[in-house]
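What follows is the residue order along each chain.
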Amino acid sequence: ANICLPWIITWFTHDFHDPEIAARLLDAFLSGHPLMPVYFAVALITHPILKQPLLQADCDDPASTFLLIKKMPLALTIASD
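Residues numbered from 1 in each chain as written. Predicted model: local features only at pLDDT ≥ 70, side-chain atom pairs only at ≥ 80, totals over all residues. Heavy atoms only, no water.

### Here's the deal with the overall build of the protein chain
The helix and strand inventory of the protein chain stands at six helices and zero strands. Along the protein chain, from the amino end to the carboxyl end, the secondary structure elements read α-α-α-α-α-α. Taking all 81 residues of the protein chain together, 22% fall into the buried category. Of the roughly 5,500 Å² that the protein chain leaves accessible, carbon and sulfur atoms contribute 67%. (Helix = DSSP H or I, 4+ residues; strand = E, 2+ residues; numbered from the N terminus. Buried < 20%, exposed > 50% of the residue type's maximum accessible area, 1.4 Å probe, protein only. Areas by Shrake-Rupley, 256 points an atom, 1.4 Å probe, with all protein chains shown as cover.)

This is the structure:
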């Protein structure tokens, strides 16, 4: 739960460096369901391509798992370019 907390608190704006993407997310979160940021976090973690490194990560090292999850929004931005 603590791993995704910064995403929820800042509505992902600290991880997406493209202002257009950040603005679209804010629009969706403000106009959507109150749990929309949580839904987006779950969708990000379960994304078919982005979850592969997470599934192959060392379960005994929580720091590496945290870094993989933290980099997911950036990987999504790079994949969409």
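### Observations concerning helix 2 (residues 19-31)
Since one α-helical turn is 3.6 residues long, residues separated by three or four positions face the same way. Over its 13 residues, helix 2 extends 18 Å from the first C-alpha to the last, a length consistent with the 18 Å expected when each residue adds 1.5 Å. Of all the positions in helix 2, only Ala-22, Leu-25 and Phe-29 are classed as buried. One face of helix 2 carries all of its buried residues, which in axial projection span an arc of 65 degrees. In helix 2, the exposed positions that point more than 90 degrees away from the buried face belong to Pro-19, Glu-20, Arg-24, Asp-27, Leu-30 and Ser-31. (Expected span 1.5 Å × (residues − 1). Arc of directions from axis to C-beta.)

### Let's talk about the nonpolar core
Judged by nonpolar contacts, Trp-7, Phe-12, Phe-16, Leu-25, Phe-29, Ala-41, Leu-44, Leu-50, Ile-69 and Met-72 together constitute the single largest core of 10 residues. Elements represented by at least two residues in this core include exactly helix 2 and helix 3 (36-45). (Core = buried A, V, L, I, M, F, W, Y, C linked by side-chain atoms within 4.5 Å.)

### Quick look at the environment of Leu-54
The topology assignment puts Leu-54 in helix 4 (residues 51-55). Sequence spacing of Leu-54 and Thr-65 is 11 residues, and the spatial spacing of their C-alpha atoms is 6.8 Å. In contact with Leu-54, not counting residues within four places along its chain, are Ile-45, Thr-65, Leu-68, Ile-69 and Met-72. (Contact = heavy atoms within 4.5 Å.)

### Regarding helix 3
All of the buried residues along helix 3 are Pro-37, Ala-41 and Leu-44. Down the axis of helix 3, the buried set is contained in an arc of 65 degrees. They therefore lie on one face.

### Describing the packing of aromatic side chains
For the structure shown, the criterion picks out one aromatic pair. Ring centres of Phe-29 and Phe-40 lie 6.1 Å apart, and the angle between their planes is 65 degrees; this geometry places the pair in the edge-to-face category. One end of the pair, Phe-29, is in helix 2; the other, Phe-40, is in helix 3, and 11 residues separate them in sequence. (Phe/Tyr/Trp six-rings, centres within 6.5 Å; stacked < 30°, edge-to-face > 60°.)

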